[in-house]
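# A structural walkthrough
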Amino acid sequence: MKGSRCAFLLGFMVGTCSLYVFLHQVWFERSYPVLSEAQQSTSGVGRSTSESWRKEGPALINLLHPHHAGEDSRRSDMLFQRVRVLCWVMTGPSNLETKARHVKATWSRHCNVVAFMSSVDDPDFPTVGLGTGEGRDQLYWKTIRAFHYALEHYGNQADWFLKADDDTFVVVDNLRWILSNHTPEEPIYFGKRFKPYAKQGYMSGGAGYVLSKEALRRFVEGFRTKVCTHTTPVEDLALGQCLEKMGVLAGDSRDTLQRETFHPFVPEHHLTGKFSKSFWYWNYCYYPIVEGPQCCSDLAVSFHYVEAELMYTLEYYTYHLRAYGYRPRYSPSLPSGLGLDLPTQTEKTAGHKGTLEGTGRVTQTIPVTLRGNQPKEEVVSERGRNQTSNLLSSGNSTTTWTERQQ
Amino acid sequence: MTGPKNLESRTKHIKATWARHCNKVLYMSSEATDFPTVGLNVSEGREQLYWKTIRAFQYIHEHHLQDADWFLKADDDTFVVMENLRHTLSKYSPEDPVYLGRHFSPFIAQGYMSGGAGYVLSKEALRRFVGGFESGVCDHHSSIEDMALGNCMENMQVKPADSRDVLGRQTFHPYPPDYYLLRKPPRPRPWFLIYDRYTPREGPDCCSDHAVSFHYIYPQEMYTLYYLTYHLRPYGYQYRYNPEESTEINTPLVTA
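Residues numbered from 1 in each chain as written. Chains lettered and ligands numbered in written order. Predicted model: local features only at pLDDT ≥ 70, side-chain atom pairs only at ≥ 80, totals over all residues. Heavy atoms only, no water.

This part is about the overall build of chain B. Summing up its helical and strand segments, chain B has 8 helices and 10 strands in all. Since a compact globule built from 256 residues should have a radius of gyration of about 18 Å, the 19 Å found for chain B is in line with a globular shape. Along the first, second and third principal axes, the C-alpha set of chain B runs to 70 × 40 × 40 Å. Residues classed as buried in chain B amount to 59% of the 256 residues present. (Helix = DSSP H or I, 4+ residues; strand = E, 2+ residues; numbered from the N terminus. Rg over C-alpha atoms; globule rule 2.2 N^0.38 Å. Buried < 20%, exposed > 50% of the residue type's maximum accessible area, 1.4 Å probe, protein only.)

Grouped together as the largest cluster of nonpolar side chains are 92 residues, with contacts concentrated most on A:W107 and B:W18. By residue number, the principal contributor to this core is helix α8 (residues 219-230) of chain B, which donates 6 residues. With sequence-adjacent residues up to four places away left out, A:W107 is seen in contact with A:C87, A:V89, A:L162, A:A164, A:T168, A:F169, A:V170, A:V172, A:M311 and A:E315. Within the second largest apolar cluster, 45 residues are counted, among which are A:Y140, A:C228, A:C242 and A:F275. (Core = buried A, V, L, I, M, F, W, Y, C linked by side-chain atoms within 4.5 Å. Contact = heavy atoms within 4.5 Å.)

Before going further, it helps to examine helix α11 (residues 308-319) of chain A. Across its 12 residues, α11(A) extends 17 Å between first and last C-alpha, which sits within 8% of the 16 Å expected from 1.5 Å per residue. All of the buried residues along α11(A) are A:M311, A:T313, A:L314, A:E315, A:Y316, A:Y317, A:T318 and A:Y319. (Expected span 1.5 Å × (residues − 1).)

What follows deals with the packing of helix α5 (residues 139-154) of chain A against helix α8 (residues 235-245) of chain A. All names here are of chain A. Following both chains from N to C, one finds α5 and α8 inclined at 50 degrees, their axes separated by 8 Å at the closest point. Looking at the two axes, α5 sits oblique to α8. Read as a crossing pair, α5 and α8 show a hand that is right-handed. Two secondary-structure elements touch here, α5 through L139, Y140, T143 and F147 and α8 through E235, A238, L239 and C242. By residue class, the composition of the contact of α5 with α8 is 6 nonpolar, 1 polar and 1 charged. (Axes fitted to C-alpha atoms, helices over the stretch in contact; angles between N-to-C directions. Parallel < 35°, antiparallel > 145°, perpendicular 65-115°, else oblique. Left-handed = near helix turned anticlockwise from the far one by under 90°. Nonpolar A, V, L, I, M, F, W, Y, C, P; charged D, E, K, R; others polar.)

When pLDDT is averaged along chain A, the result is 77; 72% of the residues meet or exceed 70. Predicted confidence for residues 29-50 of chain A stays below pLDDT 50, and this span has 24 contacts to residues more than four positions away or in other chains. (pLDDT = per-residue confidence, 0-100.)

What follows covers the packing of aromatic side chains. All names here are of chain B. For the structure shown, the criterion picks out 42 aromatic pairs over all chains. A centroid spacing of 5.9 Å and a plane angle of 75 degrees characterise the contact between F104 and W191, whose relative ring orientation is edge-to-face. Separated by 87 residues along the polypeptide, F104 in strand β6 (residues 103-104) and W191 in helix α7 (residues 191-194) bring together distant segments of the chain. Classification of W191 as partly exposed rests on a relative accessible area of 42%. For the pair Y226 and Y230, a centre-to-centre distance of 4.7 Å together with 35 degrees between the ring planes defines the contact as tilted. You can see Y226 and its partner Y230 sitting in helix α8, 4 residues apart, about one turn around the helix. The burial state of Y226 is the same as that of Y230; both residues are buried. (Phe/Tyr/Trp six-rings, centres within 6.5 Å; stacked < 30°, edge-to-face > 60°.)

This part takes up the confidence of the model for chain B. Residue and element names in this part refer to chain B. Residues of chain B with pLDDT of at least 70 account for 93%, and the chain-wide mean is 88. A low-confidence stretch, residues 246-256 stays under pLDDT 50, and its non-local contacts, those more than four residues away or across chains, total 22 contacts. With pTM at 0.72, the complex prediction returns an ipTM value of 0.71.

What follows is the structure in structure tokens.
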């Protein structure tokens, strides 16, 4: 009698314990406070996309320039309104979930209009069906059709037309800065310039390239008049040759310090990789290759071969992570013709990452490291008229800057 | 914290990137070299980690106590943004007995700071740490460096401080950003999230704009992170997140 009671109790205990351990794991999961989508948007982290996008056919029109709480983006908002960019992303049905979705969730939110170009219509994603097949040999067909589609349907809603792959990461705000020095009536296009096979060179497909409206018109016109035809599936070269025939200029997309902005590889590759001398890249680049930290502009526009996870990480690095206490050391101005009258930057110390009021002058300042025996980088000021930069190095740890413009 | 094997492969790249932003940097190893490294009286290996830490702090206390107010320990695969560290520390005084880092809760009542993410002691905390060993209150009872140091801190009444930013986002990270930034499908919570004292967040809200450290960064990534932190940014934004300044956002543009 006693024995069976003991056995019962023992069994009961074992059962309860195992049940507890099992359920503990499940409760653990439930109690893990991962914010749901709804909670995320109300907490202000990343605007929920539904109210700020309008779906127009298979393209997405951006109604609101993405903002984060506590930021002053007046200058980039102004550019958003004045320099309208249509981004079309070359993708395909098999890449929608693995690649295009992440483009949609990250950098493409900064475009004025976004269209995902595929071989097949997908009204839910949404994608445009171009009526081609898939595969490398279809690339130029897709490009031709995509550009024709963009001009026909969205020609009025954009001034510049960017092509990117679904593994290209683009900083659209920096693209607008480059384009702000030109007008959409100029027959010009920008990208990572390659030199072979075309007299003025052509732009790398993977790094992305952007056509002015006039350039796009001429591209479409070229096909209408049969000056341009589908010569080869090598999309970037063929497009470059067509544009050359139609009198479109291949622009120099480098920044004011001659640093590249469009990049055909991931940042790490450009910053730390050593390209072997036999690598094709050496013979292709139009401008001299710089290896190491000067490879890439502070205002870089694009990187290629960016995997899905890296899209989010790059977005964090670009739009969020930064060192406290600096004003942007490289802060080139906008052309004064854009009519932006922002109040002159007052000389506040600490915490400002403000941009300087531009009237065509550029100042570059580089962070100074403390302690005498560590390298001090110079303050370089370019193109300045009566411009002085004062470096104040305070005794305690934080380095603060004030700059005066006269 | 480094060793002879890692000088060329790892520490050299730290020296070339973020270490330049320190007021003073010391490379602690088992041997003194021209790198320059400090030779501590230990051997190499995971078992020796706490010995190295103890000796390193004792060395600093003896030779460099007056050179700084705060004393950061980092590994040779940690990336640190020094300006953001200074910003985080600006709330505290070096005479406060506090130390900061990624606060873990288990094993110690008041918790302890993750070793890999790096931790920083105030001058008072350093004095107490070294004093604890002199008086015998603290001893080398475990080779698990971060936990053992946390134990000593507790015994010496040094308080762990909250290193999160004003929006509650973490600044010290024991893993690279993509471990936190990317929302993963439901799975058993990994240890580094279970250990967190403050409710961990996954997704874009995980990490402060003014993040201080990331760990398990391989050598080339040091340069990449340096570029991405100090250089790459989008044009046209002003202080997108500044804890002190109030911003005038969305004021109407004055157009010509």
